[in-house]
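Here is how the chains run, residue by residue.
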Amino acid sequence: MINKLIPIGTWERAFLLIFVLIFSLSALQAQDLSLQDTILVKSNQPAKDSILVKGLIVSGTNAPLSNITVSIEGSAQLPVITNESGEFSIKAKAGDNWLIITPASDYKTKRVFVNNRSELTVFLTPNDLTAGDDQLTILSQKRNNKDMVASYFNLKTSDTYKTSAYSVDEYMQGKVPGMNVIRREGAPCTGAVTFIRGINSINASNQPLYIIDGIPMEKAGLFGSNLEGFAYDPLLGVNLLDISNVVVVKDPAITAAYGSKGSNGVVLIQTLDPSATQTSIDVDFRMGFTQSPSNLLPQLNGDQHKTLANEVLFTSGMPEEVIKVKYPSLFLKKTDQRYIDYQHNTDWQDQIFSDAMFSNINVKVKGGDAIAKYGLSFGYTNSDGTVSNTGYDSYNLRFVGLLNIFKWLRMNTGVSLNYNTAEMKESAMVKETSPILSALAISPLLNPYQYDTDGNMLRKLREADEFGISNPAAIINTYNAKNTNYHFISSMGFEASLNKDMILNTNFGLTYNSLKEQIFMPNHGMAHYYNFEAHNVAKLTNNYLLSLYNNTYLSYKKVFNKVHNITSSTGLNVLTNKYQLDWGSTMNAHENDQYQALQDGTNNLRRIGGENIDWNWLSLYENLNYSFKDRYLVTSSISLDGSSQVGDHAINTVNIAGNPYGIFYSAGIGWRLSNEAFLQNVSWIDELKLRASYGKTGNNDIGASNASNYYRSIRFRETVGLYPATLSNDALSYETVTQLNFGIDLALWGSRLRTTLEVFNSTINDMMMYMPVKSYFGYSYRPENGEQMKNNGLEISAFVRIIDGKSFKWDIQGNFTKIRNEITELKTEQLVIPIKGGEVVNMIGETANSFFGYLFDGVYSSASEAQAANLMNDKFVKYQAGDARFVDISGPDGQPDGIINQYDKTIIGSSMPNLYGGIQNTFSYKKWSLNTYINFVSGNELYNYVRYRNEQMTGLQNQSTSVLSRWQYDGQQTSVPRALWNDPVGNAAFSSRWIEDGSYVRIQNISLSYHIPNKFFGFRNAEFYVSVNNAFTFSHYLGYDPEFATSYTLAEQGVDYGQNPQSRQFIFGIKLGL
Amino acid sequence: MRKNLKYSFSIITILISMMILPSCNDLLNPEQDLDVTKDQLFKDYYEYRSTDMGLYGLQQKLVEQLVVLGELRADLMTITPNADADLIEIYNFQTKKTNKYADPTNFYKLISACNSFISVIKEKHPEVLDKKIAVTNYDRLYGEVLCMRAWAYFNAVRIYGKIPVIYESLTSVKEIEDYVNSPSTYIDSVNIVFDKDGFHNDTTKMVEVKLEKQFYTVSQVIDVFSKQLEQGIKIVDGKPIVGVNNYMNNNDNTWEVTVWNMFAWHALLGQMYLTSGDLTQSAKHFNAIANFSSDNYRYQLDGTFANAKWREIFTGIDVREHILTIWFNKANQQQNDFQRLFEPFQPHQYMLKPTKAAIDFWETIWSSYALIVPDQTKPWLTKLDKKQRGIPSDFYRGFGTSYQYVKNGAFLEQGTLTSKGVASPKESYAGMLLYKMDNDKRSYSSLMQDVDTIVYKYSINKSVYDQDANFIVYRAAGIQLYLGEIYTWWAFQRNEMVSTFTSNAVDIVNDGRNYSVGEGRRQLGVRGRVFNQPSYNSDGSQSTTTFTSPLQVGNINYIHDPNTNEVTGYKDLTGNFLGIQMYLEELILDEKARELAYEGERFYDLMRVAKRRNDPSFLAKKVSAKYPAGMREAIYNKLLDEKNWYINLFE
């Protein structure tokens, strides 16, 4: 069935094979060891008043473990201890008792259901592996790992310090099955874009709900910016090294409790865990070094560029005299004063990139006593970017405290203060200020600095010449873009035990987040701005968010007759948000660039703007879990959501007291086969569980005002008028995601092998789309619910300790996800969304937001070939020899019409991968540990916008060496069209020519660490480590790096707008404990 | 005690939650700070006024469309090689639904905003509170909005031929969709009646909206909206109550002329009646403007914009010329795309340019020439007086004002030209004219090689970044030319004699004699304003005027060589009064091409005349002349079908 749902390609087969190989290898090895314990299996004994349980306790390698304490849960009788050969015997009162196995060290405590057995073998799990009895905190309740019916992943964060990741979303890349993480760029601390289980929305947010210590985080990309290529990731406010636990919940069995915020999955993050009463101080020092990008793009040299420029100008139709007047630099003679300025062969990419340093210190203090416990951490990071003069500085302070006021009343409090500043540059969307685009476009004949009349180089930056390309050195040295972020979160909560089964809890959270951005675009050395209207520009942008949150809930936990286990959580979430954006820009302050404030520019060129948005959320929820005999598990969630974003008459809601409420729900069942009679004595099977869940969650990120009838201001003369802003839709409602999930969990030999396989199918209904409306409504679009798409997928994750020797251990952990997204309902045939430099489209049967353009089919090699094709462009110009050959797919009547226009656009790729995952390999020998981590993505296409700029040959910019094979004479066979001034023919139009395979395999991290065995200068423990991040990337992509994301907007995914490329980073560090 | 504490805590917590729940309504409908919702608006007059101002902002969005569709489809404007695919479509009369210049959305954005405003005024009927006041500001706003809506519908129907009319009582998307899709008649649920003496709601009366009226033709739109403008608006002392007289409040008299007022109301109605062929009604409204006399000589073609001052019509706003102007101002962030479309200088795109026919209208008009007529009865003997062959070109309205020549990125200099045939410098516009006069083709083509012709009207006194030329909807000259057209055809029976008014028509255009309002400050007429040699008294008033190139229509009408002004033939219309009328009509149309070129009306002028003559070939011939051979015939044939005069988007 899975095969049918998801067609499997070569890449995928290869990965499947690797997986199968690894696991069969390990299974073989382990099976040898486990032969003997199958002999021990005996059939069930009839239940007696009191039974004698005999047992054997072994490790994952089947070695008997002695000196292990075994007791009966809830019994007063003394515990027993295993003998040399790991055996024990203990009296149980009944067959439904629980054994508690408490190893002294090295192994985890285990709870075993006797289940009427008189002889049993128990495999224990070493402390460094995940066990079924490990506890998770879900909906503020502790739950056992193994009792989860929902699809989730518990991410270990013990090696965060060895990676280059700064925020938790970056860190999760390739580690969480079902989660596709795209690091935004190589500039330091820029966050990541995350998709859990495919595309879950086209216009609303796709980012999961992050809950940090019980407080929901604002959505990524909320803050506005005037800097192209910048998108704010609030997770940067959570120091990755503070995080102690991450649980990613992917299916509605749990996320339905988060109602209209749960459809993209929920990531529960716990920071400092103040559970210890013994004071501990941990200090991390890290130093890093980032290499400047090594795979620079091959650009034309000076002579080649001059030839190309002449060739392009020749096609402009300008008379030669005019060209000579307009572009004198191309015709300089030796006697000319400026001659020396044009006698270089500068490698401009070398000028903008440089090696960068990184330093980081973290101090963590934990401690307390029976009454009060606390955790405190401080972090400082300084990280430079590989684009010169960019960097990031950040200070994090976090405090968490737990206070037992009475025995029945507890208080918790948390404060997080985060201050950071970043120096940035613009992405290649803006040709005047992007370091990358200007470095690619500027002629290599030029030099960054000016010369005096005697031919001596000065320290003065070269001004832009008539080619109109900024001096990259000016962008690096004098262009300024700085932002400052204050992120403040405080929380306080009370927990009251009402009786031994019931706890009432209330938590308040206050978030204040402000992002201030200052940009100055200088005069000297730069191509001027806004069509040369401005010689310098100053911009200021301020964002503020204030959120207040309360979660009040009642949790209930009770075991009836030892076999019925019920937990329940009932609560109310209230979240209010106030957001404000103010921006201003001004142009043409004094030409000396000394006056950079908003008030310094020219009065009538000053612009201001902004927005204020308030939105609120209210959700009443219930989550119920029930298990019977540790074999049958049932879970269910429901929530009733009110949201200010939906319309007063929102569809698919219930109206209570005049307000529409959405209902979200789920149910799941689990069946632990390993506890059934027929399997319970196969003791090497720790866990074999089948799971199924189904439910509906929602997404309320449909725009704060789309459902309300509001007026927008418009200027007329000196006054401001108001007009109805949109064709509002008061029936606008939540997007919903209905998901069906099947899973199998398997754990063998004391969790030495753990694997999970999941198949899911999710349907996104009532998608909010800006649908084209009939022109007589007076608006082009209207926000409407109603479109539908589906995601089908398969996830496998596994961990295996292949060799578990005394001093040598070999672990492999891996996961991969196969996924397909498809639009299944759409009101129009095509919904085309323009993006910069191209278009994306939504069509039934296709992946959402696929690239939409012409099919490029080479170049007409000769005039006769062009004539034979008899095609025209959309301006009715006939294609000639050397022009691009686009496929004439259709016309207004559905037939090819000889004209290349809108009718000939087709789907030419999708930015969404259909396979992704990661593999982590660890060797440890005594105190040494070597870790390699690989992630991969396959089946996605990328739009190489930088290459489009770098190969279009329509002006005087320098281009890539691939244009050397441009068409130049009749009969030339090539795939690069002719050079053409301003491209009136449209040879560079958005087409499959610019779409490339985005698959890659990246050795993301290799780290080697050494734990100092004994005390180190008085420190409790110490570890030295060195790691290489982003070590090698294997990809066919022609740009700098196949991984990038300009923004959180779905339509812009997979478009290479020239973000700073990721490059190799080395980290050296020491971790000390006091 | 402990137990009590335990419970009181839980009770308090539950109470807090309980307090949150009832306040859900506020929580789920937060008041936004900047975006005002409809129910927060309309609390006082100033909020009504703001919404009214918002409608002006929406009118601004229409101007490029009006110019492109009114001019590019006619004979005075054509495309350049830089034109984008959408302009090429319009030029080819093959406009697709996706064409951005043909998109009716902005018309309906204005209509929908007007509808919303009208329904608010009707529902809230604010001035009923004080019935003693004869005219309230709400009446003025109401009149203003009705005018704007009628103007939008009238312009849209001229473009699309057939358009849906959306009633203001259709408030929701569903209602509008049901109405448009209803099989026969649509019954609107609420009907609110606006009464001249007051406002009242009639929620009981069901009004049937008939399906065949969902798509209104030009005549239906004119019928419905002219009635609405005549009857729906309060008329006090014979004056319609339209627009709030702003300058009374802020002493800025430019405010008034840019806001819909009673004159704009007259102009719109006059234009509507003229289009539907009702000359009497049309003349009534246009004459109300032309005959208006006041201290400030409002709407009189006097010396204010005479000769070299003519171009100032486009740089300043003045109560003498401008009846309705949609104005723009970069400093207040209101810009349009005219310079982008017309100018060849960076960053503009130069996609549209004047046709040769347009240039010829200006360059082949001669002033101060004389004919030698040896015998009135033998017109074939008539010759041009060599001593006074005259000066070619409409120097004030043509070169340098309505259009410009650009060579290698610079304007061609104007130069000077005397009747003695000397130009200085030679490489100038005047020099070029001289080469033409002397039939020196070689020098002419060498001078004019690589010369681009550009529409300059919207660039006068503008820097390349301004992009804020005003768009004139109605101005005095246009009204007088409409009146000239009306008088050409106007005739009525009196004492068994048919009285005709062709000479009035000629007078209106030549010297405005029909409408003289003051001795000291005479009318000049459209032609006279730029072809006269006035002399002034010491007090600034004009004493005499010599017309140097009057419009001449008679039994014998001489044909001149456009380059040399030689008489090459004549047209004998003796006894053919219809012929004279048609000849005069065409002369007035040519005059209009010189006076009002690129102001968005040309195509509709051609349409109106072709319809009046019942001769589609009149339009087809004029328009097709600009196309290259091969295409010309195809366009000609296409335009013989009146259906192709419209962009048929609502089929």
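Residues numbered from 1 in each chain as written. Chains lettered and ligands numbered in written order. Predicted model: local features only at pLDDT ≥ 70, side-chain atom pairs only at ≥ 80, totals over all residues. Heavy atoms only, no water.

Observations concerning the overall build of chain B
Inference 1: When helices and strands are tallied, chain B shows 23 helices and 28 strands.
Inference 2: Scored against the burial criterion, the 651 residues of chain B give a buried share of 58%.
Inference 3: Look at the contacts in chain B between residues 6 or more apart in sequence, and 68% of them connect residues 24 or more apart.
Inference 4: Approximately 27400 Å² of chain B is accessible, and the part contributed by carbon and sulfur atoms is 50%. (Helix = DSSP H or I, 4+ residues; strand = E, 2+ residues; numbered from the N terminus. Buried < 20%, exposed > 50% of the residue type's maximum accessible area, 1.4 Å probe, protein only. Contact = heavy atoms within 4.5 Å. Areas by Shrake-Rupley, 256 points an atom, 1.4 Å probe, with all protein chains shown as cover.)

What to know about helix 6 (residues 105-124) of chain B
Inference 1: Here helix 6 of chain B spans 28 Å end to end across 20 residues, near enough to the 28 Å set by a 1.5 Å rise per residue.
Inference 2: Taking burial as the measure, the 20 residues of helix 6 of chain B include 17 buried ones, the bulk of the element. (Expected span 1.5 Å × (residues − 1).)

Side note on empty space enclosed by the protein
Residues and elements named next belong to chain A.
Inference 1: Per the counting criterion, the structure on display carries 19 cavities of 30 Å³ or more.
Inference 2: A volume near 430 Å³ is recorded for the largest cavity.
Inference 3: In this structure, the largest cavity is lined by 29 residues; those nearest its centre are Lys110, Arg111, Val112, Asn675 and Asp686.
Inference 4: Mapped onto the lining of the largest cavity, the elements with two or more residues apiece are strand 6 (110-113), strand 7 (119-123) and strand 32 (685-699).
Inference 5: Broken down by class, the residue content of the lining of the largest cavity amounts to nine nonpolar, nine polar and eleven charged.
Inference 6: By volume, the second largest cavity amounts to about 340 Å³.
Inference 7: Lining the second largest cavity are 23 residues, with Ser164, Gly186, Ala187, Pro188 and Gln1065 sitting closest to its centre.
Inference 8: Counting only elements with at least two residues in the lining of the second largest cavity, the list comes to strand 17 (280-290) and strand 19 (372-384).
Inference 9: Within the lining of the second largest cavity, the residues separate by chemical class into seven nonpolar, eleven polar and five charged. (1 Å grid on protein atoms, 1.4 Å probe; cavity = no way out; pocket = protein on both sides within 12 Å on 5 of 7 lines; lining within 4 Å. Points joined across faces, edges and corners; volume = space filled by probe spheres on them. Nonpolar A, V, L, I, M, F, W, Y, C, P; charged D, E, K, R; others polar.)

A look at unusual backbone geometry
Inference 1: At the junction of Gln346 of chain B and Pro347 of chain B, the peptide bond is cis and its omega measures out at 0 degrees in the coordinates.
Inference 2: Residue Asp766 of chain A is not a glycine yet carries a positive backbone phi of 55 degrees.
Inference 3: Relative to the assigned elements, Asp766 of chain A resides in strand 36 (residues 753-772).
Inference 4: Unusually for a residue other than glycine, Asn870 of chain A sits at a positive phi of about 55 degrees.
Inference 5: Inspection of the secondary structure assignment puts Asn870 of chain A in the loop between helix 10 (863-869) and strand 43 (884-886).

Side note on the packing of aromatic side chains
Inference 1: According to the stated counting rule, one finds 74 aromatic pairs over all chains in the structure shown.
Inference 2: Each member of the aromatic cluster is reached from another via a ring pair, and the members are Tyr711 of chain A together with Phe42, Tyr45, Tyr46, Tyr48, Phe117 and Tyr138 of chain B.
Inference 3: Here the guanidinium or amino end of Arg111 of chain A rests over the ring plane of Trp98 of chain A, the centre of that ring lying 3.9 Å away. (Phe/Tyr/Trp six-rings, centres within 6.5 Å; stacked < 30°, edge-to-face > 60°. Lys NZ or Arg CZ within 6 Å of the ring centre and 35° of its normal.)

Observations concerning the pairing of strand 11 (residues 322-326) of chain B
In regular strands, side chains alternate between the two faces of the sheet.
Residue and element names in this part refer to chain B.
Inference 1: Burial within strand 11 is extensive, with five of its five residues counted as buried.
Inference 2: Of the strand pairs in this sheet, strand 11 and strand 22 (residues 471-475) are connected by four bridges, and their pairing is antiparallel. Note on strand 22: the bridge partner recorded for His322 is Arg475. (Pairing = 2+ DSSP bridges.)

Some words on the sheet that holds strand 16 (residues 266-270) of chain A
Inference 1: Read from one edge of the open sheet, five strands run 10-15-16-13-14 (chain A), paired in mixed fashion. Where the open sheet ends on each side, the last strands, each with one partner, are strand 10 (152-155) and strand 14 (215-216) of chain A.

A word on the packing of helix 20 (residues 577-596) of chain B against helix 21 (residues 602-612) of chain B
Pairs of packed helices are described in terms of their axes, by the angle between the two and the distance that separates them.
All names here are of chain B.
Inference 1: Taken N-terminus to C-terminus, the directions of helix 20 and helix 21 make an angle of 175 degrees; their axes are 11 Å apart at the nearest point. Considered as vectors, helix 20 and helix 21 are oriented roughly antiparallel to each other. On helix 21, the residues touching Glu585, Leu589, Lys592 and Ala593 of helix 20 are Arg602, Asp605, Leu606, Arg608, Val609 and Arg612.
Inference 2: Tallied by class, residues from the contact of helix 20 with helix 21 come to four nonpolar, no polar and six charged. (Axes fitted to C-alpha atoms, helices over the stretch in contact; angles between N-to-C directions. Parallel < 35°, antiparallel > 145°, perpendicular 65-115°, else oblique.)

Focus on the packing of helix 7 (residues 137-160) of chain B against helix 12 (residues 262-276) of chain B
Residue and element names in this part refer to chain B.
Inference 1: The interhelical angle for the contact between helix 7 and helix 12, taken along N-to-C directions, is 30 degrees, at an axis separation of 11 Å. When the axis of helix 7 is compared with that of helix 12, the two are roughly parallel. Judged by the sense of rotation from one axis to the other, the crossing of helix 7 with helix 12 is left-handed. When helix 7 is examined against helix 12, the residues Cys147, Ala150, Trp151, Phe154 and Arg158 are found in contact with a partner set consisting of Trp265, Leu268, Gln271, Met272 and Thr275.
Inference 2: The class makeup of the residues in the contact of helix 7 with helix 12 is seven nonpolar, two polar and one charged. (Left-handed = near helix turned anticlockwise from the far one by under 90°.)

Brief notes about the interface of chain B and chain A
Inference 1: Taken together, the contact between chain B and chain A spans 73 residues of the former and 70 residues of the latter.
Inference 2: With both chains or domains summed, chain B and chain A bury close to 6300 Å², and 63% of this area falls on carbon and sulfur atoms.
Inference 3: Seen at the junction of chain B and chain A, the total is one salt bridge.
Inference 4: Two residues, Lys330 of chain B and Glu533 of chain A, come together in a salt bridge whose shortest N-O distance is 2.6 Å.
Inference 5: Connecting chain B to chain A are eight residue pairs in polar contact (both at pLDDT 80 or more).
Inference 6: Per-element tally for the side of chain B that touches chain A: the top contributor is helix 1 (residues 2-20) of chain B, with nine residues.
Inference 7: Relative to strand 1 (residues 36-37) of chain B, strand 33 (residues 710-716) of chain A runs antiparallel, the two sharing two bridges. (Buried area = accessible area lost by both parts, 1.4 Å probe. Salt bridge = Lys/Arg side-chain N within 4 Å of Asp/Glu carboxyl O. Polar contact = N/O pair within 3.5 Å; in protein donor to acceptor, adjacent residues only side chain to side chain.)

Concerning the confidence of the model for chain A
All names here are of chain A.
Inference 1: Looking at chain A as a whole, the pLDDT averages 90, with 95% of positions reaching at least 70.
Inference 2: pLDDT under 50 marks residues 1-8. Its contacts with residues more than four places away, or in other chains, come to 13 contacts.
Inference 3: Within the model, the stretch residues 13-48 combines pLDDT values under 50 with 59 contacts to residues more than four positions away or in other chains. (pLDDT = per-residue confidence, 0-100.)

A closer look at the nonpolar core
Inference 1: Counting residues in each nonpolar core, the largest one holds 188 residues, and the members touching the most others are Trp151, Trp260, Tyr405 and Phe471 of chain B.
Inference 2: Broken down by element, this core gets its largest block of residues, 16 residues, from helix 7 of chain B.
Inference 3: Ignoring any residue separated from it by four or fewer positions in sequence, one finds Trp260 of chain B in contact with Tyr56, Gln59, Glu144, Cys147, Met148, Trp151, Val242, Gly243, Trp265, Leu268, Leu324 and Tyr474 of chain B.
Inference 4: Residues Ala309, Ile323, Ala441 and Val946 of chain A belong to the second largest nonpolar core, which totals 36 residues. (Core = buried A, V, L, I, M, F, W, Y, C linked by side-chain atoms within 4.5 Å.)

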